[in-house]
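Here's the letter readout for the chains.
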Amino acid sequence: MTIVVENLKHTYSPGSPEESLALNGVSFEVADGESLGIIGHTGSGKTTLLQHLNGLLKPDSGTITVNGTVITGDAEKEDVLMVRKKVGFVFQYPEYQLFEETVEKDVAFGPRNLELPEEEIKRRVRWALEMVGLDYDDIKDDSPFNLSGGQKRRVAIAGVIAMEPEVLILDEPTAGLDPKAHDDILAMIGDIHKKTGNINILVSHNMNDVTRFCDKILVMDRGQKVLYGTPGEVFSETEKLLAMGLDLPDGAHIAHRLRKEGMDLPDDILTIDQLEREILKAKGRE
């Protein structure tokens with residue numbers, strides 16, 4: 001599975017006083033098994049971009065190719081529907097989309113719409129709940145509305161991965177959670193990625209999260225791609241990111257301040273552990 005986006009452009013309310021250019025010539029590629037982080041301020045085009053990747057929105061121009069299938073332009077409706085089945089989308093606050101009377105029925109909703117046999121649906125529900133760290137037998141008959149916030153989000157994500165998507169898109173999956181639930185959900189997402197080998201696309205405002213879990217990072221600003229590369233490559237562009245008002249990972253932020261005070265440190269420091277090692281090296285050189 002690969003995703004290739006070429007020169008994507010999208011305008012909201014064209015020809016009206018509210019006309020707004022949301023995407024302007026965005027191009028990038030995600031390889032099989034990669035985890036891509038997308039960062040940028042609110043209004044930078046992140047969510048609009050995501051909604052193009054499974055055909056929820058159609059661009060003004062440009063192409064999106066998913067595993068060799070073009071889903072833009074004059075693409076066949078059947079091709080777009082086929083790709084949607086392979087691309088799972090976890091929206092921000094996905095627990096608000098829970099609606100069934102039991103956890104089992106909620107997680108089974110997507111697979112049942114695929115008209116799968118009942119035994120296969122049950123297998124997927126059990127598998128998906130286990131993948132998100134919940135015990136099928138303990139929770140299947142519970143009302144999803146009686147669960148904790150973290151459990152609700154796990155159930156909502158289970159409902160998406162029960163479709164067994166080859167691409168999993170997560171729009172701010174830890175938004176509104178307390179620190180422990182935040183770390184637990186993120187660790188769970190990383191575990192799902194390792195076990196399934198799918199493509200992960202993670203939108204987040206937390207730079208430590210994308211640094212820790214993503215192979216590549218795409219930086220959006222005013223509808224345009226401004227940076228794209230590994231976490232080390234992207235966060236070495238410190239001044240450019242700060243000029244856009246974006247944060248840095250903790251290690252990169254402190255290293256930037258220490259460089260301003262004259263300490264000789266590499267540009268690609270991201271984590272506190274890396275920073276500690278480099279400071280000790282620098283002290284050893286004095």
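Residues numbered from 1 in each chain as written. Predicted model: local features only at pLDDT ≥ 70, side-chain atom pairs only at ≥ 80, totals over all residues. Heavy atoms only, no water.

Participant: Would you mind showing me how to read helix 11 (residues 250-260) here?
Facilitator: The α-helix advances 3.6 residues per turn, and as a result positions three or four apart in sequence lie on the same side. All buried positions along helix 11 are accounted for by Gly251, Ala252, Ala255, His256 and Leu258. Buried residues of helix 11, viewed axially, fall in a sector of 165°; they line one side. Along helix 11, the residues that are exposed and aim more than 90 degrees away from the buried face are Arg257 and Lys260. Note on helix 11: the residue one or two positions beyond its end, Gly262, has a positive phi of about 100°. (Buried < 20%, exposed > 50% of the residue type's maximum accessible area, 1.4 Å probe, protein only. Helix = DSSP H or I, 4+ residues; strand = E, 2+ residues; numbered from the N terminus. Arc of directions from axis to C-beta.)

Participant: I keep staring at the nonpolar core and nothing clicks. Help me out?
Facilitator: Within soluble globular proteins, side chains that are nonpolar tend to cluster in buried spots. If you look at the biggest cluster of nonpolar residues, it comprises 47 residues, and the most contacted ones within it are Val107, Leu129, Val132, Ile161, Val219, Phe235 and Leu241. Not counting the four nearest positions on each side in its chain, Val132 is found in contact with Arg154, Ile157, Ala158, Ile161, Met188 and Ile192. By size, the runner-up hydrophobic cluster in this structure holds 27 residues, among which are Val26, Val30, Ile64 and Val203. (Core = buried A, V, L, I, M, F, W, Y, C linked by side-chain atoms within 4.5 Å. Contact = heavy atoms within 4.5 Å.)

Participant: I tried to follow the domain arrangement of the chain on my own but got confused; where do I start?
Facilitator: Interface size is commonly expressed as the accessible area that is lost once the parts come together. Segmentation of the chain into domains returns domain 1 (3-232) and domain 2 (249-286). Centre-to-centre separation of domain 1 and domain 2, based on C-alpha positions: 34 Å. Taken together, the contact between domain 1 and domain 2 spans 5 residues of the former and 4 residues of the latter. Summed over both partners, the interface of domain 1 with domain 2 comes to about 400 Å²; 62% of that surface belongs to carbon and sulfur atoms. When the buried surface of domain 1 facing domain 2 is broken down by residue, Asn208, Thr211 and Gly232 rank first, second and third, together holding 78% of it. Linking domain 1 with domain 2 are 1 residue pair in polar contact (both at pLDDT 80 or more). (Domains from an automatic or database assignment. Buried area = accessible area lost by both parts, 1.4 Å probe. Polar contact = N/O pair within 3.5 Å; in protein donor to acceptor, adjacent residues only side chain to side chain.)

Participant: How do you make sense of the layout of surface pockets when you look at a structure like this?
Facilitator: If you roll a probe as big as a water molecule over the atoms, it shows you where there is empty space left. What the largest pocket holds in volume is close to 710 Å³. Lining the largest pocket are 25 residues, and of these Phe89, Gly110, Gly159, Val160 and Met163 sit closest to its centre. When contributions to the lining of the largest pocket are tallied by element, the ones reaching two or more residues are helix 2 (77-86), strand 6 (87-90), helix 3 (103-113) and helix 6 (149-161). Considered class by class, the residues forming the lining of the largest pocket number 16 nonpolar, 6 polar and 3 charged. (1 Å grid on protein atoms, 1.4 Å probe; cavity = no way out; pocket = protein on both sides within 12 Å on 5 of 7 lines; lining within 4 Å. Points joined across faces, edges and corners; volume = space filled by probe spheres on them. Nonpolar A, V, L, I, M, F, W, Y, C, P; charged D, E, K, R; others polar.)

Participant: How should I be thinking about the pairing of strand 3 (residues 35-39) in this particular structure?
Facilitator: If a strand is regular, its side chains alternate between the two faces of the sheet. For strand 3, the tally of buried residues reaches 5 of 5 residues, placing the bulk of the element in the interior. Side-chain alternation along strand 3 places Ser35, Gly37 and Ile39 on one buried face and Leu36 and Ile38 on a second face that is also buried. Bridging between strand 3 and strand 8 (residues 199-203) involves 4 bridges; their strand directions are parallel. For Leu36, the partnering residue across the bridge sits in strand 8 and is Ile201. (Pairing = 2+ DSSP bridges.)

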